[in-house]
Structures are given as C-alpha cells and as structure tokens.
Protein chains: 2
Amino acid sequence: MANIKDIAKAANVSVTTVSNVLNGKANVGPETREKILSLCREMDYHPNIMARNLKSGKTNTAMFCFSDFERSFYLKIINGINDCLHEHHIGMIICTHSAINSFLRNGFVDGAIVLDKSINDRQILDAASQDMNLVVMDRILDSPKVSSVVTDNRASMEELTKRLVQKGYRRFNYLGGIENTPDHVERYEAFKAVLKTNRIAFTPDNYYQGDYSVQSGIRAGNIMAMGGNLPDVVVCANDNMAAGVVQAFREFDVDVPKRVAVSGFDGDHMSELPDGYLTTAAIPRYEMGYLAAETLVKMMNEGMPAMERKIKAPVVWGRSTR
Amino acid sequence: MANIKDIAKAANVSVTTVSNVLNGKANVGPETREKILSLCREMDYHPNIMARNLKSGKTNTAMFCFSDFERSFYLKIINGINDCLHEHHIGMIICTHSAINSFLRNGFVDGAIVLDKSINDRQILDAASQDMNLVVMDRILDSPKVSSVVTDNRASMEELTKRLVQKGYRRFNYLGGIENTPDHVERYEAFKAVLKTNRIAFTPDNYYQGDYSVQSGIRAGNIMAMGGNLPDVVVCANDNMAAGVVQAFREFDVDVPKRVAVSGFDGDHMSELPDGYLTTAAIPRYEMGYLAAETLVKMMNEGMPAMERKIKAPVVWGRSTR
DNA sequence: CTGTTAGCGCATTCAT
DNA sequence: ATGAATGCGCTAACAG
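Note that this is a predicted model, so its numbers are computed, not measured.

### Details of the overall build of chain A
Here is step 1: Along its length, chain A carries 12 helices and 12 strands.
Here is step 2: In summary, chain A has a C-alpha radius of gyration of 26 Å against a globular reference of 20 Å for 322 residues, an excess of more than 25%.
Here is step 3: Within chain A, the proportion of its 322 residues that are buried is 53%.
Here is step 4: The contacts in chain A between residues at least 6 apart in sequence include a share of 68% that link residues at least 24 apart.
Here is step 5: Put simply, chain A shows about 14700 Å² of open surface, and 49% of that area lies on carbon and sulfur atoms.

If you want it as structure tokens, here you go:
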C-alpha cells in the first residue's frame, strides 16, 4: 500500500505538500496539486486512517451500544444512527455491554450512543467525566455532559387517550406495566390526567396490573371477560399486553372492537398480531436513532452542550378500535 | 489521559519495560511488574489503540457490511458475528454500501464480512486483491482469497421434501422463486430430485412461478384454488410466498393443513403468519453469522486459506402440515 | 508556494 | 532484567 512518502517521492515534492493537497489547503500551486492528485489515483493511494487519528487525537468514529438482539426494532435504530453518521462522514461501530469499557477508554471512538440497560448510570457518568461525548437513549441522566433521547410518553399517551375520548369511548380500563418504571408512571399519569380533564370516571376497579408481557395481557383480559368487567376500551401500557388482551377476548368471544376496543403502545412489529391491526402510539425508532446520532455529532463537532430530546410517538389507528 | 510515558516516569523505568509488562513479555522482574501494573490501575491508564494499531499495522477490527435494514433477521446475523468477534477480542464495525470503499482501503479494518447485494463481485475481488481478508455471505465468489458462507439449499430442501414424502404426501405443487437465482434453482432441483427418487409424478402443471413476494403467493394460491388444482401439499421456495398461499386458501375456505398442506423456506419471523405456524426450512441466521465471523478470524489470525461453508437449514414442523 | 522538523503513543530491535 | 533509539504514516508549526 502506497503511503504519503511514496507519493511525495514520485511527485518530487515534500510530504507536507502532499498532505496539504490532501487536506484541501489553499497554499499549493495548481499544477503541483494536479500532479499529486493524479499520482494518488494512479498509485491507488489512500491515507492511513490510523496515522491520521493518532495525529489528530480523534477517530471520527462513534459507537452504538446495545444488548438485546431479540428485538427487531433495534435494526431501525441502527439504521437511523447509521444514516446520520454517514452523512457526516463518521464511522460507526457497534458493541455490546461486555465491550463498552475497553472501547470507551482507549480512544477508539469519539463518542457513544448508549441504549443498553445492563450498563448502569455510574458507568456512563464515569465515561462522561473522561470527556467522552455521550448520548443515552430511553433513560435520562442527571448530568450536564450526557444528552438523552427518550420517548415522550406523556404527550403520546395524552394524544391517544384524547382521541379515544373524542371517538366516544367513555368507560376505560387501563392495563399498566411494571410499577415504578418511568414508562409506566408517565403513561399512566398522562392517561389519568386526560380522563380527569374530561370528567370521566376512573376507579381502582378499572386498573389492572401487568408486567409488559403478552402473558400478563392474557391474564388481565381473562379476568375482565370472566368478571364481566368489560369497558368500552382497554388502554394498555404496551403492545405486548394489548396483544394478550386481544387474544384473551378472542377466547371468550368478546368482539374487538365492536364490544371492546383495545389500544397499545410501542408500534413495533409483533408476531402475535398482524401489522396494522392494533391502535397504538408508534415509537419512531428510525427517527430516534437519527436524532440521537445528530445530537452526538453536534456535541462532537461543534462542542454543543448536552441536551434532552423527547420524541412524540404518533398515534396509529388500527382495527382494534372503531 | 495518561500515556505509557507517564507510567514509565511514575514507575521510574523506561517505556520499554512498561510496554513489556503490558504485552505479557516474560523478561521483567516480578516486583517491577507489580509496581507497573498497580500504577496503571491507579492512574487509570489505557493503551491508546490508535498508536498500537499504527505500530502493528493491524487494527483488530472487522467490518460487517449490509444494506437492508428492513429485514429483522439481520440482527441475528449481527448477533452471531458480534459474539464470535468478541470472544476473540476483535472489534466490530458495521457499515453500509456507501461506506465500504473508504473503509476497505485505508486500513481501518483487518477484514470484512459482506452481505450486501448492492456490492458487486468486482468490488469484492478488488478488495481481496489488496490482501483484505474477506468472507461473503449468501453468494459464492470464484476466488481463492474470499471465503463464503451460504445456506445449503439442496440439502435443506431435500430433507424437507423427503420428510413430506415420508408423511404420506404424494401430490405436490411447487411454487418457485425468481428464475435463475441460485436459491431458486438449487431448491427446485433438490425438490424435483427427491420426487424422482421416490417415483412421484411431477408435471409442469404442478409448477407455479412466483417472485418470492407474498403477493405472488396469493396469486398462485388463488389460481390453484380456483382451478381446482389442489394437491396434497404446496412446497414454496420461501416463507413469504407460503404465507400468500395460506392466505389465498383461507379466502377459498381451503383448510390448511387438512385439505392442503403448505411449506416454506427461510424460517424468519413474519408479520403475515404467527410464529411456529409454518413448516419450513429455518435458516440459522445467528449460526451463519457466527460461522462467517469464525472463518474471518481464522483467516486474519492464522492465515487460513479461504474456504466455503454450506450451512444446512433444519426443518421446522409447524401447523401448516400434518 | 514549498520544505524542514518535530512528535502523536506505542512496539521493537539492539545494547547493556 | 532493563533501557536507548528508531520509526509506523501522518499533520502542523515554523522557515524560507
């Protein structure tokens, strides 16, 4: 592989001149520039990135850290991140939990986007204190050096609930997720707030406790159907549970949406229900990835201070509601 | 960030000694070694990978190149690749078509796994001629320097068909994919060979032409049902088309599998059919990723010559067959 | 407009 | 068992 020295020798100039041409400096004569450029093409010269990085102290590479390979929506996030980074000519490396510590410290990357629950806040703050540019997804860190990109649970659930009310639904059941998780709290509170504003009754009887799993949705659906506690609509804290509820209702011959409507939250493809069936707040995965990357790039390139971005999940209407 | 010089100074030794300790050389006194090691911990020293790479001429990083972010099974492949590379302490970077040329030439990676149809054979052979270690997936290159990992279409379709015959199916329809694609040719030929061996009749009437899409499956299914040409089983060249056939049959109240059984090929999750419904040859995505990575690592580390690996897709029985 | 020089952080001879 | 010197390929002061 030809290096800059070879080019310089062949062109009868110094490496500096070659370097200047390569980096677009103005202080090079036109014919010298041309000669060097054509020589580079002829000799198939490509600058050695390692050397360039070593010199500049930067790598022009960002890392995306995640751990759950089961959820296909990660691919969409990766897609968004990749597109943005590529537009800015920044390389992307992917790593999982086990690799993060080594990568983060040895100057292999200039920044990272972290979406990996197995990495705790402490580790992230540690990395941030070493001047690593960081963006976390799906969590918020109380640090002025770490940006975050999260779903706007409140606004999204608010809109979903509002529109359900507008459609005429009055008797609501709510199937919550794991208690104390921010997702649960925010979605549930937003839901209750809208009902309250509309003076629609909501009692503890109307609340069911789930754990985000399809199973817990089935359980809750069974209980509702068997107990005869069938509302106009069951609002679920995520799609999985909504799928479970639908499944349970099917067993009991409870027509969805004629007898009871069902809504979810997430908007990812599921094997349980056909695409487009479930009314839900669809988290825009690609866009969130893109925005996370964009945020990171601005921090890396322009020294932008850390910021927090909440992304609203648009409501998608399916056949599970009228 | 502390560097090797800082450590050497603090330990009152030369950088050479520190380097030797870090790289596990034997020629260092035990107490000196301990002192240096503890100093590294104290000062939170991490070797600068860029410098190390520049020096060694290697990057210890591999690249996975793909382009289709819509297909969720890519995540499984990535998972397999990642696991293998990580076991060997090799970093992984992901890139898409647009980035490959720059990455491949400037010494940013030591090798690459390519699963991107928008990259043509020529580009790959070019890279190989520059001593880049390469593994291609889902295609075979006629080059002694490029390894390949592909699905063993013949063996898989053979087994699937054999087992269908064993189960008593005698009247077969076949729904083929796009003509001249290796996948189509290999699967179709294997299918026909098994029927022939078993002296089971198969005429052009029993062949339907599809294009791998769900739509083309629906069309074929409609034609079969409307024409009254219903066999015991429809063997499809992929899952998508099988899903289409099932859907068409449902419209015509043709019971699957009681009246007609249906089989597919691929084994990826689909939104059209519930998981576990379709009998199919399930391509082991994770394993193929892992094997591709393993092959690459051996080429990189042990100079293993290029090789070709065919991976059999195990038959998975679902409810679409008896 | 062009060249000389120094050094990024590290591994690797070759001495001692 | 330890150290001094050299250079990987490149960029950037500084000189001319």
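### Quick notes on the protein's contact with DNA strand D
Here is step 1: Around DNA strand D, the structure places 24 residues, and the nearest of them are Ile4(A), Tyr45(A), Thr16(B), Gly29(B) and Lys55(B).
Here is step 2: The sugar-phosphate portion of DNA strand D accounts for 66% of its atoms within 4 Å of the protein, the bases making up the rest.
Here is step 3: Here a phosphate oxygen of DNA strand D sits 3.0 Å away from a polar atom, N or O, in the side chain of Ser19(A).
Here is step 4: For DNA strand D, a phosphate oxygen lies 2.7 Å from a polar atom in the backbone of Ser14(B).
Here is step 5: Sorting the residues of the surface near DNA strand D by element identifies α1 (4-11), α2 (15-22) and α4 (49-56) of chain A together with α2 (15-22) and α4 (49-56) of chain B as the ones contributing at least two each.
Here is step 6: The leading source of residues in the surface near DNA strand D is α4(A), at three residues.
Here is step 7: Counted by class, the surface near DNA strand D contains seven nonpolar, 12 polar and five charged residues.

### A short note on the protein's contact with DNA strand C
Here is step 1: If you check the shell around DNA strand C, you find 24 residues, and the closest are Thr16(A), Gly29(A), Ile4(B), Tyr45(B) and Arg52(B).
Here is step 2: The share of sugar and phosphate among atoms of DNA strand C within 4 Å of the protein is 66%.
Here is step 3: One of the side-chain N or O atoms of Lys55(A) is found 2.9 Å from a base nitrogen in DNA strand C.
Here is step 4: Between Ile4(B) and DNA strand C, the recorded distance is 2.4 Å, taken from a backbone N or O atom to a phosphate oxygen.
Here is step 5: When contributions to the surface near DNA strand C are tallied by element, the ones reaching two or more residues are α2 and α4 of chain A together with α1 (4-11), α2 and α4 of chain B.
Here is step 6: It is α4(B) that provides the largest number of residues to the surface near DNA strand C, a total of three residues.
Here is step 7: Classifying every residue of the surface near DNA strand C gives seven nonpolar, 12 polar and five charged.

### Re helix α5 (residues 73-87) of chain B
All names here are of chain B.
Here is step 1: If you check α5, its first and last C-alpha atoms are 22 Å apart, about what 15 residues at 1.5 Å a residue would give, namely 21 Å.
Here is step 2: The element α5 is extensively covered by neighbouring structure, given that 11 of its 15 residues are classed as buried.
Here is step 3: Restricting attention to buried positions, one finds in α5 the residues Phe73, Tyr74, Leu75, Ile77, Ile78, Asn79, Gly80, Ile81, Asn82, Cys84 and Leu85.
Here is step 4: Phi for His89, located one or two positions after α5, is positive at around 55°.

### Looking at the interface of chain B and chain A
Here is step 1: Facing 39 residues of chain B, the contacting portion of chain A comprises 39 residues.
Here is step 2: Together chain B and chain A conceal approximately 3500 Å² of surface at their shared face, both sides included; 66% is due to carbon and sulfur atoms.
Here is step 3: For the pair chain B and chain A, the interface holds zero salt bridges.
Here is step 4: Counting across the chain B and chain A interface gives two residue pairs in polar contact (both at pLDDT 80 or more).
Here is step 5: Those elements that provide at least two residues to the side of chain B that touches chain A are α4, β1 (61-66), α5, β2 (91-95) and α6 (97-105) of chain B.
Here is step 6: A per-element tally of the side of chain B that touches chain A places α5(B) first, with six residues.
Here is step 7: Residue classes in the side of chain B that touches chain A are distributed as 18 nonpolar, 16 polar and five charged.

### A look at the packing of α4(A) against α4(B)
Here is step 1: Remark: α4(A) packs on α4(B), axes separated minimally by 9 Å, with the N-to-C direction vectors making an angle of 140°. Relative to α4(B), the element α4(A) lies oblique. Once α4(A) is placed against α4(B), the crossing between them reads as left-handed. Contacts from Met50(A), Ala51(A), Asn53(A) and Leu54(A) of α4(A) reach α4(B) at Met50(B), Ala51(B), Asn53(B) and Leu54(B).

### Here we look at the sheet that holds strand β10 (residues 279-282) of chain B
Residue and element names in this part refer to chain B.
Here is step 1: Strand order in the open sheet formed by six strands is β7-β6-β8-β9-β10-β12, with mixed pairing between adjacent strands. On the outer flanks of this sheet lie β7 (207-209) and β12 (315-316), each paired with one strand and no other.
Here is step 2: Summarising the sheet, strand β8 (residues 233-236) and strand β9 (residues 261-266) pair through three bridges and their orientation is parallel. Residue Val234 lies in a different strand from β9, and its bridge partner there is Val262.
Here is step 3: Relative to strand β6 (residues 172-176), helix α9 (residues 182-197) is tilted by about 170°, and along the sheet it contacts β6, β7, β8 and β9.

### Some words on the UniProt feature "domain: HTH cro/C1-type" (unreviewed entry) in chain A
Here is step 1: Per the UniProt record, the feature "domain: HTH cro/C1-type" (unreviewed entry) sits at residues 5-46 of chain A.
Here is step 2: Secondary structure content for residues 5-46 of chain A is 67% helix and 0% strand, while the C-alpha to C-alpha distance between its ends is 12 Å.

### Brief notes about the UniProt feature "domain: HTH lacI-type" (unreviewed entry) in chain A
Here is step 1: UniProt annotation of "domain: HTH lacI-type" (unreviewed entry) refers to residues 2-56 of chain A when read in the numbering used here.
Here is step 2: The span residues 2-56 of chain A is 67% helical and 0% strand by assignment, and the distance between its end C-alpha atoms comes to 21 Å.

### Brief notes about α4(B)
Here is step 1: The opening residue of α4(B) is Asn48(B), an N-cap whose side-chain oxygen sits 2.7 Å from the backbone nitrogen of Met50(B).
Here is step 2: At the C-terminal side of α4(B), Gly57(B) shows a positive phi close to 75°.

### As for the domain arrangement of chain A
How large an interface is tends to be reported as the accessible area lost when its parts come together.
Here is step 1: Taken domain by domain, chain A comprises domain 1 (4-47), domain 2 (59-149 + 285-309) and domain 3 (153-281).
Here is step 2: Each of domain 1 of chain A and domain 2 of chain A was reduced to a C-alpha centroid, and the two centroids are 36 Å apart.

### Considering the relation of the copies chain B and chain A
Here is step 1: In screw terms, the move from chain B to chain A is a rotation of 180° and a rise of 0.0 Å along the axis, fitting with an RMSD of 0.1 Å. Each copy turns onto its partner about a two-fold axis. Using C-alpha coordinates, one finds that chain B approaches the rotation axis most closely at Ile93(B), a distance of 2.0 Å.

### A closer look at the pairing of strand β8 (residues 233-236) of chain A
Residue and element names in this part refer to chain A.
Here is step 1: Burial along β8 is two-sided: the face carrying Val233 and Val235 and the face carrying Val234 and Cys236 are both buried.
Here is step 2: Across four bridges, the pairing between strand β6 (residues 172-176) and β8 is parallel. Residue pairing in the sheet places Tyr174 in a bridge with Val235 of β8.
Here is step 3: Crossover handedness for the path β8 to helix α11 (residues 239-251) to strand β9 (residues 261-263): right-handed.

Reading guide: rules and limits
- Residues numbered from 1 in each chain as written.
- Chains lettered and ligands numbered in written order.
- Predicted model: local features only at pLDDT ≥ 70, side-chain atom pairs only at ≥ 80, totals over all residues.
- Heavy atoms only, no water.
- Helix = DSSP H or I, 4+ residues; strand = E, 2+ residues; numbered from the N terminus.
- Rg over C-alpha atoms; globule rule 2.2 N^0.38 Å.
- Buried < 20%, exposed > 50% of the residue type's maximum accessible area, 1.4 Å probe, protein only.
- Contact = heavy atoms within 4.5 Å.
- Areas by Shrake-Rupley, 256 points an atom, 1.4 Å probe, with all protein chains shown as cover.
- Near = heavy atom within 4 Å.
- Polar contact = N/O pair within 3.5 Å; in protein donor to acceptor, adjacent residues only side chain to side chain.
- Nonpolar A, V, L, I, M, F, W, Y, C, P; charged D, E, K, R; others polar.
- Expected span 1.5 Å × (residues − 1).
- Buried area = accessible area lost by both parts, 1.4 Å probe.
- Salt bridge = Lys/Arg side-chain N within 4 Å of Asp/Glu carboxyl O.
- Axes fitted to C-alpha atoms, helices over the stretch in contact; angles between N-to-C directions.
- Parallel < 35°, antiparallel > 145°, perpendicular 65-115°, else oblique.
- Left-handed = near helix turned anticlockwise from the far one by under 90°.
- Pairing = 2+ DSSP bridges.
- UniProt positions renumbered as here; feature names shortened; annotations may be inferred.
- Domains from an automatic or database assignment.
- Least-squares fit on C-alpha atoms with pLDDT ≥ 70 in both.
- Right-handed = clockwise from strand over helix to strand, strands pointing away.

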